[in-house]
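Inside the fold
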Amino acid sequence: MHKSQRIAAVAAACAVAGAALYGAGAATAGQSTANSTHEPYNIGLLVKDIDTYYGTAPDANGVYQASPTSPYAKDLASIDKAAKKYIDKAARKALRKGEKPAVVFDIDDTLLLSLDYEKRYNYTYSSATWAAYVNKADRPAVFGTPELVQYAEKQGVEVFYNSGLGEAQRSAAVENLKKVGADINLDADHVFLKNAAAPPSYLSACATPGTWTCTTVQYKSGTRRHIEDDLGYEIIANFGDQYSDLDGGYADRTYKLPNPTYYVG
């Protein structure tokens, strides 16, 4: 994910709202309190709430992990259950119609959990520390989503990845995805990453070689449009932890995974 626009979440309620299925009336980015004139939520209390939500604790190696019995894990399990039921039905329908069903997954905090980075750097960000963290390729899985990748593939659904990670991080991302079991379609034709030096022609409205002005929504929706219009797939579901992963169309249904630690507009 390109994190230059990241900011800390502004309310613990975001954790609950973010767990809802986006296409079924969940809170939207327009409900942010970032521009409110009243006193914001105390950041120290917010961090405590986030830790409680994730069940955050360091493991034997000092790496911060989420608890499999946490509210976060329970919210993910609810989303995964609904998504599997939907994918099964939507895939069978698409295949009967002669369509090529596909699903699209974001990577950061949709498949690979970055909680340890957030805790270690106190919810701040720098491109250098983030790049070093990603390149270690040892992030744990977001509970349940690698299994969703496997499930979709077994239902005859083509799996794509649409990430804000840069092209230079491709090998680390692929290695890490393999480690957590999301080892389906990890070739360059299925893993879409930002390439500012040589952007694809389908993003020419906002990206030319050496000049990248695409917003997250433009980049991600433009990639989904390419998957549908140019590659001929029907995207039945799109998964992401940010609303900017999901906005812009070109998906029959969208699923917002919980992430109260940062916001990408």
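Described in the following lines is the structure provided in the data block. Quick caveat: nothing in here was measured; it's all calculated off a predicted structure. (Residues numbered from 1 in each chain as written. Predicted model: local features only at pLDDT ≥ 70, side-chain atom pairs only at ≥ 80, totals over all residues. Heavy atoms only, no water.)

1. Some details on the pattern of salt bridges
- The final tally for this structure, using the stated rule, is nine salt bridges.
- Asp108 is the partner of Arg139 in a salt bridge, and the nearest nitrogen-oxygen pair spans 2.8 Å. Of this pair, Arg139 sits in the loop between α5 (127-135) and α6 (145-154) while Asp108 sits in the loop between β3 (101-105) and α4 (115-120), placing them 31 residues apart in sequence. Each member of the pair, Arg139 as well as Asp108, carries the same accessibility label: buried.
- As a salt-bridge pair, Arg170 and Glu167 come within 2.7 Å of each other at their nearest N and O atoms.
- Residue classification places Glu167 among the partly exposed positions, given a relative accessible area of 31%. (Salt bridge = Lys/Arg side-chain N within 4 Å of Asp/Glu carboxyl O. Helix = DSSP H or I, 4+ residues; strand = E, 2+ residues; numbered from the N terminus. Buried < 20%, exposed > 50% of the residue type's maximum accessible area, 1.4 Å probe, protein only.)

2. Structural notes on helix α2 (residues 43-54)
- For α2, spanning twelve residues, the distance from its first C-alpha to its last is 16 Å, which sits close to the expected 16 Å at 1.5 Å a residue.
- The opening residue of α2, the one whose side-chain oxygen lies 2.9 Å from the backbone nitrogen of Gly44, is Asn42.
- Positive phi shows up at Gly55, right after α2, with a value of about 65°. (Expected span 1.5 Å × (residues − 1). Polar contact = N/O pair within 3.5 Å; in protein donor to acceptor, adjacent residues only side chain to side chain.)

3. Some points on the packing of aromatic side chains
- All told, the structure shown has 14 aromatic pairs when counted by the stated rule.
- Considering the side-chain rings of Tyr72 and Phe143, the 6.2 Å spacing of their centres and the 55° angle between planes classify their relative orientation as tilted. With Tyr72 in helix α3 (residues 71-96) and Phe143 in the loop between α5 and α6, this residue pair connects regions lying 71 residues apart in the sequence.
- A connected cluster of aromatic rings, assembled from ring pairs, spans Tyr53, Tyr54, Tyr72 and Phe143.
- Directly above the aromatic system of Tyr233 lies the positively charged group of Lys100, at a separation of 4.1 Å from the ring centroid.
- The side chain of Lys256 reaches across the aromatic face of Tyr243, ending 5.2 Å from its centre. (Phe/Tyr/Trp six-rings, centres within 6.5 Å; stacked < 30°, edge-to-face > 60°. Lys NZ or Arg CZ within 6 Å of the ring centre and 35° of its normal.)

4. Some words on the side chain of His190
- By the secondary structure assignment, His190 is in the loop between α7 (170-180) and β5 (191-194).
- Within the local environment of His190, its side chain forms a polar contact with the side chain of Glu158, the two groups lying 2.7 Å apart.
- A polar side-chain atom of His190 sits 2.9 Å from a polar atom in the side chain of Asp187.
- Residues within four places of His190 in sequence aside, it is in contact with Glu158, Val159, Phe160, Tyr161 and Asn185. (Contact = heavy atoms within 4.5 Å.)

5. Let's talk about the nonpolar core
- Counting 49 residues, the largest nonpolar core has Ile87, Val103, Phe105, Tyr161, Ile236 and Phe239 as the members making the most contacts within it.
- For this core, the leading source of residues is α3, giving eight residues.
- With near-sequence residues (within four places) excluded, Phe105 lies in contact with Thr110, Leu111, Thr145, Leu148, Val149, Val159, Phe160, Tyr161, Asn162 and Phe239.
- Counting residues in hydrophobic clusters, the runner-up holds 13 residues, among them Phe192, Tyr202, Tyr219 and Tyr233. (Core = buried A, V, L, I, M, F, W, Y, C linked by side-chain atoms within 4.5 Å.)

6. Here's the deal with the state of the cysteines
- By the definition in use, this model includes one disulfide.
- Disulfide pairing places Cys206 opposite Cys214 at an S-S distance of 1.9 Å. In this structure, the disulfide formed by Cys206 and Cys214 twists by about 85° around the S-S bond and is classed as right-handed. (Disulfide = S-S within 2.5 Å.)

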